[in-house]
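# Observations on the model geometry
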Amino acid sequence: MNTATETRNAAFFQIRAEGKITRQQSLILALFEAFPQNDFSIRELAIRCELDTATVSARLHELKTFPLELIEQAPRRSCSISGRSITPLRLVLL
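Residues numbered from 1 in each chain as written. Predicted model: local features only at pLDDT ≥ 70, side-chain atom pairs only at ≥ 80, totals over all residues. Heavy atoms only, no water.

### Remarks on the layout of surface pockets
The cut-off we apply is this: Cavities and pockets were defined on a 1 Å grid built over protein atoms only: a cavity is a set of grid points that admits a 1.4 Å probe from which the probe cannot escape, a pocket is an open set flanked by protein on both sides within 12 Å along at least five of seven lines, and lining residues are those with an atom within 4 Å of any such point. Grid points are joined across faces, edges and corners, and a volume is the space filled by probe spheres set on the points. Counting from the N terminus, the helices are the DSSP runs of H or I reaching at least four residues and the strands are the DSSP runs of E reaching at least two. Amino acids outside the nonpolar list (Ala, Val, Leu, Ile, Met, Phe, Trp, Tyr, Cys, Pro) and the charged list (Asp, Glu, Lys, Arg) are all regarded as polar, and Gly is one of them.
A volume near 220 Å³ is recorded for the largest pocket. Along its surface, the largest pocket is lined by 15 residues, and Ser41, Ile42, Arg43, Ile86 and Thr87 are the ones closest to its centre. Counting only elements with at least two residues in the lining of the largest pocket, the list comes to helix H3 (42-49) and helix H4 (53-64). Sort the elements by how many residues they give to the lining of the largest pocket and H4 lands first, with four residues. Here the residues of the lining of the largest pocket sort into seven nonpolar, five polar and three charged.

So this is what it looks like as structure tokens:
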């Protein structure tokens, strides 16, 4: 019997193998995977990935929703760029 994590992993790897993960999604995921213990604001991701904040926001929404569900909210903190209180996002540790 598969657990939810096993099912999600299988779906993710199948989608990635079929090329259904976009280049922008892959870029964002690569940053999360390079720093799996870190969380990021949309602005922090946009700067590091050299993408527009609206683009990052849209790709994160896709990565947070079914069937992928690879990104989750982390505890609130101050953004390292704006200094404002934010709810950052982090990779769901599988």
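Resuming the write-up.
### As for H3
Put simply, the rule reads: Residue exposure (1.4 Å probe, protein chains only): buried if accessible area is under 20% of the type maximum, exposed if over 50%, otherwise partly exposed. Whether two residues are in contact is decided by their heavy atoms, any of which lying within 4.5 Å being enough.
Here H3 has its buried residues at Glu44, Leu45, Ala46 and Cys49. Its buried side turned inward, H3 meets helix H2 (23-34), strand E1 (39-40), H4 and strand E3 (77-78). Glu50 lies just past H3 and shows a positive phi near 55°.

### Concerning the environment of Leu68
Tracing the backbone shows Leu68 in the loop between H4 and strand E2 (71-73). According to the relative accessible area criterion, Leu68 is buried, its value standing at 6%. When the C-alpha atoms of Leu68 and Ile21 are compared, they prove to be 9.8 Å apart, with 47 residues separating the residues in sequence.

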